[in-house]
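Structure assessment
Listed below, chain by chain, are the residues.
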Amino acid sequence: MVELCPQPGLNPLQRQWMGDYIARHYGLYHSPERLPELERKLEQLAPRLGLEHGAQLSERLLGNQLTAEEEQLLIEGLTIGETYFFREPEAIQALLDSIQPELRRQRPIHQPLRLWSAGCASGEEPYSLAMALDSQTLRNNHAGFSLLATDINRQSLEKAQQGYYTAWSFRATPTHYKQRYFRLQSDGRWLLDPALRQQVQFAQLNLAAPDYPSILNGTHELDIIFCRNVLMYFSDDTITQIADRFARCLRPGGWLVLSQTECSQLFQAEFDTVQIGGAFLYRKRDASRPLNIPSVTPAYPGHATLSPAPTEAQSPLQLRQQVEPVESRITSTELFAQARQLADQGELLTARALCEQALQHHKLFSEGHYLHAMILQELGEIMAARTALRRVLYLAPECAMAHYALGLLELKAADTRSGERHLDQVQRLLAALSPEQLLPGSEGLSAGQLQDMLLQRRRLQG
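Cut-off values and rules
Residues numbered from 1 in each chain as written. Predicted model: local features only at pLDDT ≥ 70, side-chain atom pairs only at ≥ 80, totals over all residues. Heavy atoms only, no water. Pairing = 2+ DSSP bridges. Helix = DSSP H or I, 4+ residues; strand = E, 2+ residues; numbered from the N terminus. Axes fitted to C-alpha atoms, helices over the stretch in contact; angles between N-to-C directions. Phe/Tyr/Trp six-rings, centres within 6.5 Å; stacked < 30°, edge-to-face > 60°. Buried < 20%, exposed > 50% of the residue type's maximum accessible area, 1.4 Å probe, protein only. Salt bridge = Lys/Arg side-chain N within 4 Å of Asp/Glu carboxyl O. Parallel < 35°, antiparallel > 145°, perpendicular 65-115°, else oblique. Left-handed = near helix turned anticlockwise from the far one by under 90°. Contact = heavy atoms within 4.5 Å. Nonpolar A, V, L, I, M, F, W, Y, C, P; charged D, E, K, R; others polar. Expected span 1.5 Å × (residues − 1). Polar contact = N/O pair within 3.5 Å; in protein donor to acceptor, adjacent residues only side chain to side chain. Arc of directions from axis to C-beta. Core = buried A, V, L, I, M, F, W, Y, C linked by side-chain atoms within 4.5 Å.

**Some points on the sheet that holds strand β6 (residues 200-204)**
By way of backbone hydrogen bonds, the strands of a sheet pair with one another, either parallel or antiparallel. The seven strands lie next to each other as β6-β2-β1-β7-β8-β10-β9, forming an open sheet whose pairing is mixed. Whereas interior strands pair on both sides, the edge strands pair on one side only; in this sheet they are β6 and β9 (271-276). Neighbour-to-neighbour, the strand axes of the sheet open up by a mean angle of 25°, direction not taken into account.

Written out as structure tokens, the structure reads:
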């Protein structure tokens with residue numbers, strides 16, 4: 001009788017070696033909790049490289065035995081991302097309504113804006129920017145723009161350059177953009193207008209490598225950098241290095257746009273934080289002239305600690321260091337308390353109105369945004385609740401309850417990747433707390449109890 005041999009796998013130490021190697025060489029960070037996921041990816045990639053098992057791929061990678069083509073296949077397999085046109089539209093609206101007009105006032109009329117979409121995946125983000133800017137340029141007779149789009153994944157770049165997209169990429173696209181810039185093909189796909197495609201320059205670039213800023217690849221003297229839903233791949237050390245390089249790529253007063261869930265204190269050394277509408281953005285400090293954009297300094301408290309009510313007020317594109325009068329702070333505090341009481345009594349619409357009134361005075365009060373999110377969730381306004389929770393996490397990025405609530409809502413909205421990422425962050429935050437420690441905003445829930453809830457959920461999922 002022939003004995004079947006089990007397929008070889010990686011032991012925990014080998015997994016860690018692989019994770020460290022990939023983080024060091026490609027900047028793609030896998031937390032300890034995600035190392036089994038990395039092993040599964042390697043197992044799936046092995047047949048594409050003519051290997052039987054992921055363990056063989058690991059050996060070849062650690063031994064520097066992969067060819068350039070094999071290495072590219074590895075990168076493509078590790079960085080497959082899902083995106084769509086006009087994702088997080090608040091940032092694009094801020095670009096059109098506030099950032100672009102202010103930048104154009106500061107330069108000769110015929111000097112174009114210089115933008116970079118860093119980590120552009122299959123092109124939906126840079127093409128969204130190109131459509132929005134092209135429409136406004138034609139209306140206002142502006143000088144135009146140059147737009148660089150880069151990604152480490154060559155396969156994604158090739159798809160972007162071809163300009164073919166399925167209907168799923170348009171799920172958040174305003175109808176007039178689709179009608180103006182796309183043509184339906186016989187196979188059911190949509191082809192982007194060639195003239196617009198020519199306005200975007202695509203290139204391969206690894207954000208973890210020190211290849212920028214550089215005049216050779218167009219990453220110098222930029223006005224605006226968009227880098228959204230990319231930093232989740234990197235460790236804090238790598239993000240710190242990227243933040244420094246982004247700052248050097250931008251002109252003084254230039255703008256950095258991240259995903260609202262990726263804003264971090266790691267960018268505070270070089271940038272001022274600005275809120276425009278529903279978007280939080282970064283602006284590079286300019287020592288040569290005073291800011292005329294509202295600067296927001298968020299609180300980054302200890303584990304699971306929400307920030308106190310701020311006393312700074314601002315209006316778009318006008319920097320004002322303004323301390324609210326005591327009466328205003330007291331009134332807002334009372335409004336939050338009343339909103340909470342009414343929400344507990346089921347008077348959700350009135351509670352929402354009071355909460356939003358108070359937030360007009362305390363835009364940076366994370367606990368107020370959390371209460372707002374919970375009210376919106378109870379009203380069934382899931383999209384608005386997700387947006388409110390993202391504001392909480394910008395202001396208090398280590399708030400476990402906000403990560404937990406947003407993770408569940410993202411899963412409910414079928415955004416599995418984002419949902420699991422937030423729940424993984426909850427586990428990391430809870431690991432630093434004692435089990436009996438109470439979590440702010442949790443109605444008396446302890447860290448240990450929330451940990452048990454997460455474990456039970458994972459067990460039910462199998």
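**Looking at the packing of aromatic side chains**
Evaluated as defined, the whole model comprises 17 aromatic pairs. With 5.4 Å between their ring centres and 25° between their planes, F267 and Y282 make a pair best called stacked. Taken together, the residues span a long stretch of sequence, with F267 in the loop between β8 (250-258) and β9 and Y282 in strand β10 (residues 279-284) at a distance of 15 residues. For F267, a relative accessible area of 1% corresponds to the buried category. Aromatic side chains F280 and Y394 sit 4.1 Å apart centroid to centroid with 15° between the ring planes, which places their arrangement in the stacked category. Of this pair, F280 sits in strand β10 while Y394 sits in helix α14 (residues 382-395), placing them 114 residues apart in sequence. Y394 gets classed as buried once you look at its relative accessible area, which sits at 0%.

**Concerning the pattern of salt bridges**
With the rule as written, the count across this model stands at 14 salt bridges. Residue E221 pairs with R251 through a salt bridge whose shortest N-O separation is 3.4 Å. Taken together, the positions of E221 in the loop between β6 and β7 (222-227) and R251 in strand β8 put the pair 30 residues apart, joining distant regions of the chain. Measuring nitrogen to oxygen at the nearest pair gives 3.1 Å for the salt bridge that ties R285 to D272. With R285 in the loop between β10 and α11 (326-344) and D272 in strand β9, this pair connects stretches of sequence that are 13 residues apart. Sharing partners across several salt bridges, the network here consists of R107, E221, D223 and R251.

**Concerning the packing of helix α1 (residues 12-26) against helix α3 (residues 54-62)**
Two quantities define a packed helix pair, namely the angle between the helix axes and the distance between the axes. Relative to each other, α1 and α3 sit at 50°, their axes nearing to 11 Å. It follows from the interaxial angle that α1 and α3 lie oblique. Here α1 and α3 pass one another in a crossing that is left-handed. Contact with α1, carried on its side by W17, M18, Y21, I22 and Y26, involves S58, L61 and L62 of α3 and no other residues of that element. By residue class, the composition of the contact of α1 with α3 is seven nonpolar, one polar and no charged.

**Observations regarding the sheet that holds strand β4 (residues 182-184)**
If you walk across this open sheet you meet the three strands as β3-β5-β4, and the pairing is antiparallel. Every other strand in the sheet has two partners, leaving β3 (164-165) and β4 as the edge strands with one partner each. As paired strands, β4 and strand β5 (residues 190-192) are joined by three bridges and run antiparallel to one another. Paired with R183 across the bridge in β5 is L191.

**What to know about helix α10 (residues 236-249)**
In this model α10 runs 20 Å from its N-terminal to its C-terminal C-alpha over 14 residues, within 8% of the 20 Å that 1.5 Å per residue would give. Packing partners of the buried residues in α10 comprise β1 (113-118), β7, β8, β9 and β10.

**Focus on the environment of D237**
Tracing the backbone through its elements, the reader meets D237 in helix α10. Relative accessible area serves as the criterion here: at 58%, D237 is assigned to the exposed category.

**What to know about the side chain of R107**
Tracing the backbone through its elements, the reader meets R107 in the loop between α5 (89-105) and β1. Residue classification places R107 among the buried residues on the basis of a relative accessible area of 14%. In terms of polar contacts, R107 uses its side chain to reach the backbone carbonyl oxygen of L103, at 3.2 Å. Ignoring sequence-local partners within four residues, the contact set of R107 consists of P112, L113, D223 and R251.

**Concerning α1**
Counted at 1.5 Å a residue, the expected span for α1 with its 15 residues is 21 Å, and the 21 Å between its end C-alpha atoms agrees. Regarding α1, the residues found buried are M18, G19, Y21, I22 and Y26. Angular distribution of buried residues about the axis of α1 spans 165°; they occupy a single face of the element. In α1, the exposed positions angled more than 90 degrees off the buried face are occupied by P12, L13 and R24. Buried residues belonging to α1 abut α2 (35-45), α3 and α4 (68-78).

**Here we look at the nonpolar core**
Counting residues in each nonpolar core, the largest one holds 53 residues, and the members touching the most others are W116, L207, F234, F246 and F267. Residue contributions to this core peak at six residues, all from α10. If we skip the residues at most four places from it in the chain, W116 touches L148, T150, L205, L207, Y212, T219, L222, I224, I225, F226, F246 and C249. By size, the runner-up hydrophobic cluster in this structure holds 41 residues, among which are M131, Y177, F182 and A279.

**Side note on the pairing of β9**
For β9, the tally of buried residues reaches six of six residues, placing the bulk of the element in the interior. Judged by which residues are buried, β9 turns out to be covered on both faces: F271, T273 and Q275 on one side and D272, V274 and I276 on the other are all buried. Inspection of the sheet shows β9 paired to β10 by six bridges, in the antiparallel sense. Looking at the pairing, D272 lines up with R283 of β10.

That's the geometry; what it means functionally is another story.
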